[in-house]
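Residue-level structural notes
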Amino acid sequence: MKILVFVKQVPDTEALVEALDDSSLKVEEKFEMSFFDTLAVEEALRLKEKHGGTVTAVTVGPERAGEVLRTCLALGADSVFRIWDEALAPVVTDVFTDSLSVARVLAAVAKHLGFDLILCGKQALDDDAAAVGVMTAALLEIPFVTAVTSVKAEEGSIRVKQKRDGAEREIKCELPALLSAEKGLNEPRQPQVMKVMKAARAKIDAMDLAALKIQADAIISTVKPVSFTVPDKARSISIIEGEPADAAAELVRRLREERQAL
Amino acid sequence: MPDKLYVIVESNGGEIRSVSREVLSAARGIAGELGLTAAAVATNADAASEAAKYVTHVVHLTNAGLIPTPLPEDAAVVLAGSSPLARDLLPYLAAASAGCYLGDCTALRVEAGVLVAERPMLGGKAAGTFAFEPDRPIVVSVRAHVFAASDPPGVSGEIIEQAAVESKGIEVLSSDRAAEDRRVDVTEGDIVVAGGRGLKSADNFAVLEELAGTLANATGGAVAVGASRAVVDAKWRPYEEQVGKSGKSVAPKLYFAVGISGQIHHILGIDRAQVVVAINSDPDAPIFKYADYGIVGDALQVIPALTEAIKSA
Amino acid sequence: MDFAYTEEQKFFQKVVADMVEKVVEPKAEALDESDDFDHDLFREVGGLGYYGLRYPEDVGGMDVDTQTFAIFIEEMAHGSFGFATAAMMQCLMGTHFLHRFGSEDIIERLFKPAIRGEKISCIAFTEETSGSDITGTRTIAKQDGDEWILNGKKMWITNGPIADFVTVLATTDPALKTKGLNFFLVEKGMEGFTYGQVLHKLGARGTVTGEIIFNDVRLPADHLLGEEVNKGMEYMQEVLEEIRLMTAALALGLARAALEDAREYARVREAFGKVIGKYQLIRSKFGECWTEFEAAKLLVQKVAWMIQNKIPCGNEAAMAKMFATEMCLKAVDEATRIYGGNAFAQEYPVQRYFRDARFLLYGGGTHEVLKNFLGSRYIGRL
Ligand SMILES: Cc1cc2nc3c(=O)[nH]c(=O)nc-3n(C[C@H](O)[C@H](O)[C@H](O)COP(=O)(O)OP(=O)(O)OC[C@H]3O[C@@H](n4cnc5c(N)ncnc54)[C@H](O)[C@@H]3O)c2cc1C
Ligand SMILES: Cc1cc2nc3c(=O)[nH]c(=O)nc-3n(C[C@H](O)[C@H](O)[C@H](O)COP(=O)(O)OP(=O)(O)OC[C@H]3O[C@@H](n4cnc5c(N)ncnc54)[C@H](O)[C@@H]3O)c2cc1C
């Protein structure tokens, strides 16, 4: 089976975020592979170990993003590709990714490389958009299942489990297909030092849009961030007064309306 | 020329989901400001006729599979409430029509004649306001309670039946409701309801359990019960539930500290929670310094009232 | 002059830090509490290949540079100091002399499994009556035809009681002092090799430290680890710099853990209406400790570079070990002050750091001995 894994480098969940002004954000220089992508990589490696084939990891990102590909190599990926181009800089920034542009690039990569199965994370931990995987499947016109918690390969198809809305479904999906990984799918392994050292020395090549025959006008910001805010970290308390029933109703209203927390 | 704003109407046994009803309620207003006509897509006949009370044009997709496609050709905007289905369907529709997609928005409005949306980013550490590239379909989902649900304005829209495109290559073999168990480890809750010595006894944690269950049903998210060390030491609750420096560090979207005084050891464990609600009978309890919302009162009265308020909201 | 880690070192550091955070750190508290050896953890880390870092590839090692090895030690100490000392033993002293002098049989049967984490190694210098002063070694080896017969007792041996094999410092004749020392390999199960008391430690817990006893243990000729008899002291000098450097790396990791925890606390804890991190006296603690940490790190980098480039650095290695240790002792001390009374609670790791740091005073040479050594080097022959 020829498996592609899409991985993304995102700011570390502990990284500090600052608003420089209302139209730019600064994120501390600490990056990691998005958590759900680590599950996708692990699943790809397990499928390969069981059924044979190859695992190729792909990321769209600037040079620093090569690190997540190194991690994939260290974990056992057979090959990796970093896609980058000046034209991508405005749509893939430290803080925001234009999902459609990235999906177009990834669909082109997938066609270029060929595949039986694509795995990616359920969502990237920076924007939580959960869009790139689905969009890529749409562009490739292949079936997809998101947020899978178990994967079993069969002849020409794949059987997955998906937990959604409190129900568990078992789904059969014909290949080629795209799956996105949900928490609980597996426990990612730690890489072997031997492979880590090899990966550390590996040269990670970048492919540009021309190599993928992507027209520059396919890359546009369909969604544009215009301003940012960083919520004040110090909490300031609002005491809600009134009889229990009234106070409770008011609390529910404010949690909903002010914080969308319910 | 696309001239319609479609609302994707999700239903459960013919009953329109509350978040879909909220979006339906807002649809005409937004469509009006954009110079569009509000319309809807439903996959259930009852839901379609209910939707037709809100908008004048309803497409009833029959035999819809997992991904009810495609995007109607006259769609300028597609709106849906956030849901797992919307997370699959909307990006799909957007990609297939070269449209703009933004999911799980926390605000959506028209400014200077164009749509503008807000959504949190970087795990809630920041929020952004977004605009869309003109002359393309805009596909957006909004979270629950961004819009208020209102009664239908009494339109009687036309319903057009249309067969859904079959989703190819996908077959649902089984779907098991019994797997439903939203009780999760305290570190995994989207919402954590934690209790302390102010609850007075182990038995009284039943009111927290009930609140947790109600929250799980109302939000569809994962809800966990947590505890202060004082009540773990008193053996009212198991150690697995202890929140704090010597217990577990949690980072839920919403944290309730009920009858918990708020000592630093506890606070160190909830530092990364997004919204903290404190309920305590002592107005000077330190927990109020670390909370966003507070109710001063007896937990045993406030919590049942809160459970009721969530049920009836 | 380039002070930056290479791209390879940066990547390695990231991978190790992640491994430590996920695999080692979750066990740190239990290791400290039980003071028992965690065989599963030991095998797991070994299985990934870390114990072979400093050895060449032809014997199953990873052949990394000295700085990369130091990064591993630092990150391990950041996660669990007790386990880091066990891992360091396995990477370095427990296996060094086998690699340097072992017969093919020894390499295949003991060394290779050891760096895979399948066999536990240890080193035995210390005796009840001799620690700093290894010329006081009384464990004695007598030649008998092709074989050696070993008699004596060793104390304070990290993992001695559970080791599969031991590298033992013994003398052929106490009167020869440093010129009579040799390293011998003793294997578990050999007749006359037993263990005695197990010690209960203040810190660096999570290893079984204690006494091992040799009663007429018969050793085949290839169990003398050395090309020549009575050259043990020279062989020892060959790795002394590296031992001291890695002890300094342990100090870096532990100090960083303590300072990070203290920072987290200082950001949240309030006193007199302000978070304590706003008080100058608290800030000054961080100002000093951070500066000393960076200085210690520079010494570590320099010594790593000297060892890598085969530049003799006995002095610098002693300085790095001593300076990093003193820096670490201060950092753990300040961390406990910042934590106030809570530093006294078993629940918080700061008290563990405080106890662990004391170990650094003995491993790699006591500071009285090191200062004496450096002072005499500086003054010169009198
Ligand atoms: C080293 C160390 C580590 C620790 N680690 C942790 C830890 O990890 N997690 C942790 O939680 N604690 C920890 N603690 C303990 C912590 O300091 C507090 O003692 C503990 O959190 C107190 O628990 P509590 O808030 O439930 O109880 P209390 O402090 O007794 O507070 C009870 C609260 O309930 C309120 N109350 C009373 N009656 C009512 C009522 N009818 N309705 C509403 N409110 C009411 C009171 O006003 C009070 O604020 C640690 C302590 C130490 C020293
Ligand atoms: C946790 C732990 C693990 C250990 N693991 C091992 C192990 O695996 N293998 C092993 O062989 N040993 C091990 N040791 C022993 C360790 O190497 C010794 O403790 C160390 O060498 C110091 O020796 P000593 O304790 O006998 O102290 P001593 O040498 O008796 O020193 C006592 C005091 O006298 C001072 N002193 C000594 N000589 C001089 C001098 N010339 N001038 C001035 N002052 C002097 C010392 O600095 C010290 O303050 C371990 C120790 C500990 C605590």
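A short tour of the structure in this document, coming up. Residue positions are given per chain, counting from 1 as you read along its sequence in written order. Each chain takes a letter, starting from A, and each ligand takes a number, starting from 1, following the order in which they are written. With the structure being a predicted model, the display of local features is reserved for residues of pLDDT at least 70 and the display and counting of side-chain atom pairs for 80 or more, all residues being used for whole-chain, interface and lining totals. Heavy atoms throughout the structure, all of them, feed into the side-chain values; hydrogens and water do not.

For the rest of this paragraph, the subject is unusual backbone geometry. Of note, the bond from leucine 175 of chain A into proline 176 of chain A is cis; its omega dihedral lies within 30 degrees of zero at 0°. Only runs of H or I of at least four residues qualify as helices and only runs of E of at least two qualify as strands under DSSP, and these elements are numbered from the N terminus. Its place among the elements puts proline 176 of chain A in the loop between strand E11 (167-174) and strand E12 (177-181). Even without glycine at this site, aspartate 35 of chain C takes up a positive phi of about 50°. Of note, asparagine 159 of chain C is a non-glycine position whose phi angle comes to about 65°, a positive value. One can find asparagine 159 of chain C in the loop between strand E3 (147-158) and strand E4 (165-171).

Another aspect to go through is the site of ligand 2. All names here are of chain C. Taken together, 16 residues are adjacent to ligand 2, and Thr126, Ser132, Trp156, Thr366 and Glu368 come closest. Identification of polar contacts relies on pairs of N or O atoms within 3.5 Å, with a donor-acceptor requirement for protein atoms, meaning one able to donate a hydrogen and the other able to accept it, and with residues adjacent in sequence counted only if both atoms are side-chain atoms. Here isoleucine 123 contributes a backbone N or O atom positioned 3.0 Å from a nitrogen atom of ligand 2. In the environment of ligand 2, an oxygen atom lies 2.6 Å from a nitrogen or oxygen atom belonging to the side chain of serine 132. Here ligand 2, which alone exposes 970 Å², has 63% of that area covered by the protein. Residue assignment for the shell around ligand 2 shows that the elements contributing at least two residues are strand E1 (121-124), E3 and helix H11 (367-379). Throughout this document, a residue counts as near a molecule or strand when at least one of its heavy atoms sits within 4 Å of that molecule or strand. To be clear on the numbers: accessible area is Shrake-Rupley with a 1.4 Å probe, and residue cover counts the displayed protein chains and nothing else.

So, on to the packing of aromatic side chains. Residues and elements named next belong to chain C. For Phe, Tyr and Trp, rings pair up if their centres lie within 6.5 Å, where Trp contributes its six-membered ring, and each pair is then called stacked (planes under 30 degrees apart), edge-to-face (over 60) or tilted (otherwise). Scanning all chains against the criterion turns up 17 aromatic pairs over all chains. Between phenylalanine 97 and phenylalanine 183 the ring centres are 4.0 Å apart and the planes differ by 20°, which places this aromatic pair in the stacked class. In this pair, phenylalanine 97 is assigned in helix H5 (residues 93-101) and phenylalanine 183 in strand E5 (residues 181-187), connecting sequence segments 86 residues apart. In this pair, the class of phenylalanine 97 matches that of phenylalanine 183, namely buried. One aromatic cluster is present, built from ring pairs that chain together Phe12, Tyr50 and Phe72. Between buried and exposed lies partly exposed: a residue is buried under 20% and exposed over 50% of the maximum accessible area for its type, with that area taken using a 1.4 Å probe on protein chains only.

The contact criterion used throughout is that any non-hydrogen atoms of two residues lie within 4.5 Å. Listed by partner, the interface residues are nine residues for chain C and ten residues for chain B. When chain C packs against chain B, the two sides together hide about 960 Å² of surface, and 56% of this comes from carbon and sulfur. Put simply, buried area is the surface a 1.4 Å probe can reach on two separate parts but cannot reach once they are joined, added for both. Considering only the side of chain C, the residues that lose the most area to chain B are Val268, Glu347 and Tyr348 of chain C, jointly responsible for 53% of the buried surface there. We define a salt bridge as a contact between a side-chain nitrogen of Lys or Arg and a carboxyl oxygen of Asp or Glu at a distance within 4 Å. For the pair chain C and chain B, the interface holds three salt bridges. Taking the shortest distance from any N to any O, the salt bridge between glutamate 264 of chain C and lysine 245 of chain B comes out at 3.2 Å. At the boundary of chain C with chain B, the tally comes to five residue pairs in polar contact (both at pLDDT 80 or more). When residues in the side of chain C that touches chain B are grouped by element, the largest group, three residues, is from helix H7 (residues 232-268) of chain C. Grouping the constituent residues of the side of chain C that touches chain B by class yields four nonpolar, one polar and four charged. Ten residue types, Ala, Val, Leu, Ile, Met, Phe, Trp, Tyr, Cys and Pro, are classed as nonpolar, four, Asp, Glu, Lys and Arg, as charged, and the remainder, Gly among them, as polar.

Right, let's get into the nonpolar core. The term nonpolar core refers to a set of buried residues drawn from Ala, Val, Leu, Ile, Met, Phe, Trp, Tyr and Cys, joined through side-chain atoms within 4.5 Å. Counting residues in each nonpolar core, the largest one holds 174 residues, and the members touching the most others are Tyr255 of chain B together with Phe12, Met19, Val45, Tyr50, Phe72 and Met76 of chain C. Among the elements that line this core, the one with the most residues is H7 of chain C, at 21 residues. Excluding anything up to four places from it in sequence, methionine 19 of chain C contacts Gln190 of chain A together with Val24, Val45, Leu48, Tyr50, Phe72 and Met76 of chain C.

Not every one of the 30 residues close to ligand 1 is listed here, only the nearest: Lys200, Ser228, Ser246, Ser261 and Asn280 of chain B. Around ligand 1, the nearby residues trace back to chains B and C. Between ligand 1 and arginine 229 of chain B, the relevant distance is 2.8 Å, taken from an oxygen atom to a main-chain nitrogen or oxygen of the residue. Starting from 980 Å² of accessible surface for ligand 1 in isolation, the protein chains cover 82%. Elements with a contribution of two residues or more to the shell around ligand 1: helix H5 (229-233) and helix H6 (264-270) of chain B.

Residues and elements named next belong to chain B. Its place among the elements puts leucine 208 in helix H4 (residues 205-219). Take leucine 208: its relative accessible area is 0%, and that puts it in the buried class. Along the chain, leucine 208 and glutamate 188 lie 20 residues apart, while their C-alpha atoms are 17 Å from each other. Among residues more than four places away in sequence, those in contact with leucine 208 are Val193, Ala194, Gly195, Leu199, Val258 and Ile303.

Now for the sheet that holds strand E8 (residues 117-121) of chain A. If you trace the ten strands from one edge of the open sheet to the other, you get E13(A)-E7(A)-E6(A)-E1(A)-E8(A)-E12(A)-E9(A)-E10(A)-E11(A)-E13(B), paired in mixed fashion. Sheet topology places strand E13 (206-207) of chain A together with strand E13 (170-176) of chain B at the edges, where each strand pairs with a single neighbour. In terms of strand pairing, strand E10 (residues 157-164) of chain A meets E11 of chain A through eight bridges, oriented antiparallel. What sits directly across from arginine 159 of chain A, in E11 of chain A, is lysine 172 of chain A. The strands that helix H1 (residues 35-51) of chain A touches are strand E1 (2-6), strand E6 (54-60), E8, strand E9 (144-154) and E12 of chain A; relative to E8 of chain A, the one it contacts most, it runs at about 150°. With axes taken as lines fitted to C-alpha atoms, and helix axes fitted only over the stretch in contact, angles between N-to-C directions fall between 0 and 180 degrees. Sheet strands touched by helix H3 (residues 84-96) of chain B: E9 and E10 of chain A. Its angle to E10 of chain A, the strand with the most contacts, is close to 125°. A strand pair is defined by DSSP finding two or more bridges across the two strands.

Turning to the interface of chain B and chain A, a few remarks are in order. Of the residues lining the interface, 79 residues belong to chain B; the matching set on chain A comes to 75 residues. Around 6,400 Å² of area is buried between chain B and chain A when both sides are counted, 59% of it from carbon and sulfur atoms. Among the residues chain B hides against chain A, the three largest losses belong to Leu122, Lys125 and Tyr293 of chain B. Together they make up 12% of the total. The tally of links from chain B across to chain A stands at five salt bridges. Here lysine 224 of chain A and glutamate 133 of chain B are joined by a salt bridge, their closest N and O atoms 2.9 Å apart. Seen at the junction of chain B and chain A, the total is 27 residue pairs in polar contact (both at pLDDT 80 or more). With eight residues, H3 of chain B is the largest single contributor of residues to the side of chain B that touches chain A. Looking at the side of chain B that touches chain A residue by residue, the classes come out as 46 nonpolar, 14 polar and 19 charged.

Time to look at helix H7 (residues 299-312) of chain B. By definition here, a helix of n residues has an expected span of 1.5 Å times n minus one. Over its 14 residues, H7 of chain B runs 20 Å from end to end, which matches the ideal 20 Å to within 8%, given 1.5 Å per residue. Restricting attention to buried positions, one finds in H7 of chain B the residues Ala299, Val302, Ile303, Ala305, Leu306, Thr307, Ala309 and Ile310 of chain B. The inward-facing, buried residues of H7 of chain B abut helix H6 (244-259) of chain A together with H4, strand E16 (254-258), strand E17 (275-280) and strand E18 (293-296) of chain B. N-capping of H7 of chain B is provided by aspartate 298 of chain B, with a side-chain oxygen placed 2.9 Å from the backbone N of leucine 300 of chain B.

Glancing now at the sheet that holds E17 of chain B. The strands making up a sheet are joined through hydrogen bonds of the backbone, oriented either antiparallel or parallel. The strand order E15(A)-E18(B)-E17(B)-E16(B)-E14(B)-E15(B) describes an open sheet built from six strands, whose pairing is parallel. Looking along the sheet, the strands with just one partner apiece sit at the ends: strand E15 (238-239) of chain A together with strand E15 (223-227) of chain B. Helix-sheet contacts for H6 of chain A involve E15 of chain A together with E16, E17 and E18 of chain B, and the interaxial angle to E18 of chain B is about 180°. Running at roughly 170° to strand E14 (residues 191-195) of chain B, H4 of chain B makes contact with E14, E15 and E16 of chain B of the sheet.

This part is about the packing of helix H3 (residues 66-79) of chain C against H7 of chain C. All names here are of chain C. Where H3 contacts H7, the axes come no closer than 7 Å and their chain directions differ by 40°. Relative to H7, the element H3 lies oblique. Every pair of crossing elements has a handedness; the one defined by H3 and H7 is right-handed. Only Glu242, Leu245, Met246, Ala249, Leu250, Leu252, Gly253, Leu254, Arg256, Ala257 and Glu260 of H7 make contact with H3, whose side of the interface consists of Thr66, Phe69, Ala70, Ile73, Glu74, Glu75, Ala77 and His78. Looking at the contact of H3 with H7 residue by residue, the class counts come to eleven nonpolar, three polar and five charged. Note on angle classes: values under 35 degrees are labelled roughly parallel, values over 145 roughly antiparallel, values of 65 to 115 roughly perpendicular, and the remainder oblique. The sense of a crossing depends on the near helix, which, turned anticlockwise from the far helix by less than a right angle, makes the crossing left-handed and, turned clockwise, makes it right-handed.

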